[in-house]
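Descriptive analysis of the structure
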Amino acid sequence: MPPRCRFRQGLSVNSFAELLSNRWLWTAVLASTGAQLFKVLLILLIERRWRPAAVMETGGMPSSHSAMVSALTTGVGLSEGVGSALFAISSVFALIVMYDATGVRHASGQQGALLNELISELRDVVRAGFAPLPVRVLLGHTYLEVLVGTLLGIGAGFLAFRVL
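A short tour of the structure in this document, coming up. Fair warning: this is a prediction, and the values are worked out from it, not measured in the lab.

Considerations on the overall build of the protein chain
- Helix and strand content of the protein chain: six helices and zero strands.
- The order of α-helices and β-strands along the protein chain, N terminus first, is α-α-α-α-α-α.
- Taking all 164 residues of the protein chain together, the buried fraction comes to 31%.
- Residue pairs in contact within the protein chain that sit at least 24 positions apart in sequence constitute 67% of those at least 6 positions apart.
- Accessible surface, the protein chain as shown: approximately 10,900 Å² in total, 71% of it carbon and sulfur.

Okay, here's the thing in structure tokens:
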């Protein structure tokens, strides 16, 4: 008789306890959260203004997506070994996320900036109550933002899997 799928057995208190004790998951989540909080602190230091809402924004320094996938990959590499299938899967996933952050999402942000320029010019031309709203520009990341997020994630992975 084939083994039963754990998911079909239903979620139990033990399943919930496993979720809460999943070091890989929580290391990644905390690295991402840390990057978002760091973003707010950078705005405070550089722009001299308190913008706590930035914790929920995409884009900017550092990349929380890169921090998240780097922390996950580092944790998997340290616990399972860099020759494991899980490390390979996690690495490919991380590379795709970081490529997307610098490529597709960055290009979308540039297109948003151009659209906002067009909207501004259109407002000047049509003053009869037509006022389109600007689109969101800060979608993607520069290579430096992804690099800093990646280093933050690697640091979080080492901290969670080698120090703690």
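Description of the packing of aromatic side chains
- Summed over the entire model, instances satisfying the criterion amount to one aromatic pair.
- Ring centres of Trp24 and Phe161 lie 5.7 Å apart, and the angle between their planes is 35°; on these two criteria the pair is classed as tilted. Here the residue Trp24 occupies a position in helix 2 (residues 23–47), and Phe161 occupies one in helix 6 (residues 143–163), the gap between them amounting to 137 residues.
- Judged by relative accessible area, which is 31%, Trp24 ranks as partly exposed.
- Judged by its relative accessible area of 10%, Phe161 is buried.
- Sitting over the face of the ring of Phe161, Arg23 holds its NZ or CZ atom 4.3 Å from the ring centroid.

Here's the deal with the packing of helix 4 (residues 85–102) against helix 6
- For the pair helix 4 and helix 6, interaxial distance at closest approach is 9 Å and the crossing angle is 150°. Here helix 6 runs roughly antiparallel to helix 4, going by the angle between their axes. Handedness of the crossing formed by helix 4 with helix 6: right-handed. Of the residues in helix 6, those in contact with Met98, Ala101 and Thr102 of helix 4 are Tyr143, Val146 and Thr150.

Some remarks on the nonpolar core
- Val69, Ala94, Val97, Met98, Ala101 and Val146 form the largest nonpolar core, which has six residues in total.
- Sorting elements by how many residues they give to this core places helix 4 first, with four residues.
- Each residue touching Met98, except ones within four places of it in the same chain, is listed here: Ser66, Val69, Ser70, Val146 and Thr150.

Observations regarding helix 6
- The end-to-end C-alpha distance of helix 6 is 29 Å, a good match for the 30 Å that 21 residues give at a rise of 1.5 Å each.
- Listed in full, the buried residues belonging to helix 6 are Glu145, Val146, Gly149, Thr150, Gly153, Gly157, Ala160 and Phe161. End-on, the buried residues of helix 6 take up no more than an arc of 130°, which puts them together on one face. Opposite the packed face of helix 6, turned more than 90 degrees from it, sit the exposed residues Leu144, Leu151, Arg162 and Val163.
- Summarising the contacts, the buried residues of helix 6 are in contact with helix 2, helix 3 (64–80) and helix 4.

Observations concerning a nonpolar patch on the surface
- Residues Phe16, Leu19, Leu20, Leu25, Trp26 and Leu30 make up a contiguous nonpolar surface patch of about 580 Å² in total accessible area.
- The set of elements that each furnish at least two residues to the nonpolar patch consists of helix 1 (13–20) and helix 2.
- Summarising the element assignment, Phe16 is placed in helix 1.

Scoring rules and cut-offs
- Residues numbered from 1 in each chain as written.
- Predicted model: local features only at pLDDT ≥ 70, side-chain atom pairs only at ≥ 80, totals over all residues.
- Heavy atoms only, no water.
- Helix = DSSP H or I, 4+ residues; strand = E, 2+ residues; numbered from the N terminus.
- Buried < 20%, exposed > 50% of the residue type's maximum accessible area, 1.4 Å probe, protein only.
- Contact = heavy atoms within 4.5 Å.
- Areas by Shrake-Rupley, 256 points an atom, 1.4 Å probe, with all protein chains shown as cover.
- Phe/Tyr/Trp six-rings, centres within 6.5 Å; stacked < 30°, edge-to-face > 60°.
- Lys NZ or Arg CZ within 6 Å of the ring centre and 35° of its normal.
- Axes fitted to C-alpha atoms, helices over the stretch in contact; angles between N-to-C directions.
- Parallel < 35°, antiparallel > 145°, perpendicular 65-115°, else oblique.
- Left-handed = near helix turned anticlockwise from the far one by under 90°.
- Core = buried A, V, L, I, M, F, W, Y, C linked by side-chain atoms within 4.5 Å.
- Expected span 1.5 Å × (residues − 1).
- Arc of directions from axis to C-beta.
- Patch = residues over 30% accessible without salt bridge, like charges linked within 9 Å, V, L, I, M, F, W, Y side chains within 5 Å.
- Salt bridge = Lys/Arg side-chain N within 4 Å of Asp/Glu carboxyl O.

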